[in-house]
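# Observations on chain architecture
Chain residues, written in single-letter form:
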Amino acid sequence: MLTNKKIVLGITGGIAAYKAAELIRTLVKEGALVKVMMTKSAMEFITPLTMQTLSRNQVYTDMFVPADQYDMAHISLAEFADAFVIAPATANIIGKIASGIGDDLLSTTMMAQSKPTLICPAMNDKMLSNPIVQENINKLKKTGYVIMDSAEGELACKTAGKGRLPDIADIIEEIKTLLTPKDFKGARILITAGPTEEPLDPVRFITNLSSGKMGYALAVAAHRRGANITLISGPANLPLPAAEKIIKVRTAKEMHKAVMTHYRNADIIIKAAAVADYCPKTLAKEKIKKDKKALSLELEINPDIIADIGKNKGNRVLVGFAMETQNLLANARDKLKKKNMDLIVANNLQEEGAGFRTDTNVITIIDRTGECESFGKMTKIEAAGAILDRVKKIMSKKSNIKN
Ligand code: CTP
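Attention now goes to the overall build of the protein chain. Tallying secondary structure elements over the protein chain gives 14 helices and 22 strands in all. Across the 403 residues in the protein chain, those meeting the buried criterion constitute 50%. Contacts in the protein chain between residues far apart in sequence, at least 24 positions, make up 66% of those at least 6 positions apart. Carbon and sulfur atoms make up 51% of the accessible area of the protein chain, which totals about 20,200 Å².

Before going further, it helps to examine the pairing of strand β1 (residues 6–11). Buried residues dominate β1, accounting for five of its six residues. As for the winding sense of the linkage, the β-α-β connection from β1 through helix α1 (residues 19–29) to strand β2 (residues 33–38) is right-handed. Inspection of the sheet shows β1 paired to strand β4 (residues 83–89) by four bridges, in the parallel sense. Note that in β4 the partner of Val8 across the bridge is Phe84.

The strand order across the open sheet formed by eight strands is β13-β12-β9-β14-β17-β18-β20-β21, and the pairing between neighbours is mixed. Unpaired on one side and paired on the other, β13 (245–248) and β21 (372–374) mark the two borders of the sheet. The mean angle between the axes of side-by-side strands here comes to 15°, regardless of whether they run parallel or antiparallel. Across three bridges, the pairing between strand β20 (residues 364–367) and β21 is antiparallel. Residue pairing for β21: Ile366 is matched across the bridge by Cys372. Strands β9 (188–193), β12 (228–233), β13 and β14 (268–271) of the sheet are contacted by helix α11 (residues 252–262), whose axis makes an angle of about 175° with β9. Its contacts with the sheet place helix α13 (residues 328–338) against β17 (317–324), β18 (343–348), β20 and β21, and it is angled at close to 150° to β18.

Another point: the site of the ligand. Neighbouring the ligand are 14 residues, the closest being Lys271, Ala273, Asp277, Lys335 and Lys339. The contact in question runs from an oxygen atom of the ligand to an N or O atom on the side chain of Lys339, over 2.5 Å. Protein chains shield 77% of the accessible area of the ligand, which is 570 Å² for the free molecule. Taken together, the elements giving at least two residues each to the shell around the ligand come down to α12 (305–310) and β17. Broken down by element, the residue count for the shell around the ligand peaks at four residues, all from β17.

Our next topic: the pairing of strand β10 (residues 198–201). Side-chain positions along a regular strand alternate between the two faces of the sheet. Both β10 and strand β11 (residues 204–206) contribute to a ladder of three bridges, which runs antiparallel. Bridging from a neighbouring strand, Glu198 pairs with Ile206 of β11.

On to α13, then. Those residues of α13 that sit buried are Leu328, Ala332 and Leu336. Here the buried residues of α13 occupy an arc of 60° about the axis, which is enough to place them on one side. Among the exposed residues of α13, those pointing more than 90 degrees away from its buried face are Ala330, Lys337 and Lys338. Buried residues in α13 make contact with β17, β18 and β20. Positive backbone phi, approximately 55°, marks Asn340, located one or two places after α13.

This part is about the side chain of Ser233. Tracing the backbone shows Ser233 in strand β12. A relative accessible area of 0% places Ser233 in the buried class. Among the polar contacts made by the side chain of Ser233, one reaches the side chain of Tyr216 at a distance of 2.8 Å. In contact with Ser233, not counting residues within four places along its chain, are Ala193, Tyr216, Ile247, Lys248, Val249 and Met255.

Turning to a nonpolar patch on the surface, a few remarks are in order. Together, Tyr278, Leu295, Leu297, Leu299 and Ile301 line one region of the surface with nonpolar side chains, adding up to about 500 Å² of accessible area. By the element assignment, Leu297 lies in the loop between β15 (278–280) and β16 (299–301). Judged by relative accessible area, Leu297 falls into the partly exposed class, the value being 44%.

Basis of the calculations
Residues numbered from 1 in each chain as written. Predicted model: local features only at pLDDT ≥ 70, side-chain atom pairs only at ≥ 80, totals over all residues. Heavy atoms only, no water. Helix = DSSP H or I, 4+ residues; strand = E, 2+ residues; numbered from the N terminus. Buried < 20%, exposed > 50% of the residue type's maximum accessible area, 1.4 Å probe, protein only. Contact = heavy atoms within 4.5 Å. Areas by Shrake-Rupley, 256 points an atom, 1.4 Å probe, with all protein chains shown as cover. Right-handed = clockwise from strand over helix to strand, strands pointing away. Pairing = 2+ DSSP bridges. Axes fitted to C-alpha atoms, helices over the stretch in contact; angles between N-to-C directions. Near = heavy atom within 4 Å. Polar contact = N/O pair within 3.5 Å; in protein donor to acceptor, adjacent residues only side chain to side chain. Arc of directions from axis to C-beta. Patch = residues over 30% accessible without salt bridge, like charges linked within 9 Å, V, L, I, M, F, W, Y side chains within 5 Å. Salt bridge = Lys/Arg side-chain N within 4 Å of Asp/Glu carboxyl O.

What follows is the structure in structure tokens.
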């Protein structure tokens, strides 16, 4: 999504300035066009040559340059940018922007621009918690700047606390969010993700191959579009996406309880979780010993979560998934009707690029009228985008959210 996006990165003079090199490299790798501004202090920590090489562009450092190079950088960069990012941002630049001071190229450009701007403070924990710095940060937030929370951990000044530059992957995700139109602003989406685990005894359980990637991708894509997310996740070994609420569960029964508690507060419910249909009838207190030639397990049926929502869904948009190995469309249509869904996302486990644990999916989206749209292989984030586009169409028909 960063392909051809024009990012102007401002680097200020903190020890985390060296991490800006990795940020530029990642942005360029993802297809962004990056121009860099550095303050005098930033150049004490890392050289413009590094940034020029990585960004493949001239680096802007001076307000006053000879007439033959003069392109009014503070104005031309403001026009060029789709978004500005300042990383790392010192207390000094935050204070200058908050006070309207323009005494170098970066601070002057900030005054001359009105593009979406992300500021990533990085400094000593005491400096960050200083009431004046906090007041400046709050002022910037109120003015419309997006301020990323600093990370906690070991700081360069040999103390530990809050003040580290967030991980590059988190900054990249925040830039993507910054650049995404907020067409789901105000919409409340409940997403379930991952497998469930149904324990047999203290060391064993029944589960399936779901990794949670599709559900987590939906949470990421919906967050970028401004939705308010509640994620109910079975055991998944993935970085947690940004969400208002994350509830971790283990079994189908726990997922059922969590969904039933929260779905009434949602406008949209997307059930990407691969819920175990059955669980062991009894849970052995102690480890089951290998003292028989054969062992039979008695299973009982789990509650069908989406079917229970379907019975009482009101005006909510209900989206389910169908992972099949045969008769994909017929089975999916059948589930959509039986469980009273608005959309079902069908995918065939046998198809190359589809299914569990991959970063890609091959989906067909079917609605209540029977209309179906098939997509080629795409990333799970792109698939999530296509699903949300279809949800939006239904929402605008129901006019629950304003576009
Ligand atoms: N689902 C659910 N609760 C269950 C089982 C499934 O909410 N106990 C949801 C899934 O999250 C998915 C949809 O129902 O959105 C379809 O799940 P799937 O496993 O494909 O279908 P089943 O109804 O379980 O039918 P079968 O396993 O026989 O294909």
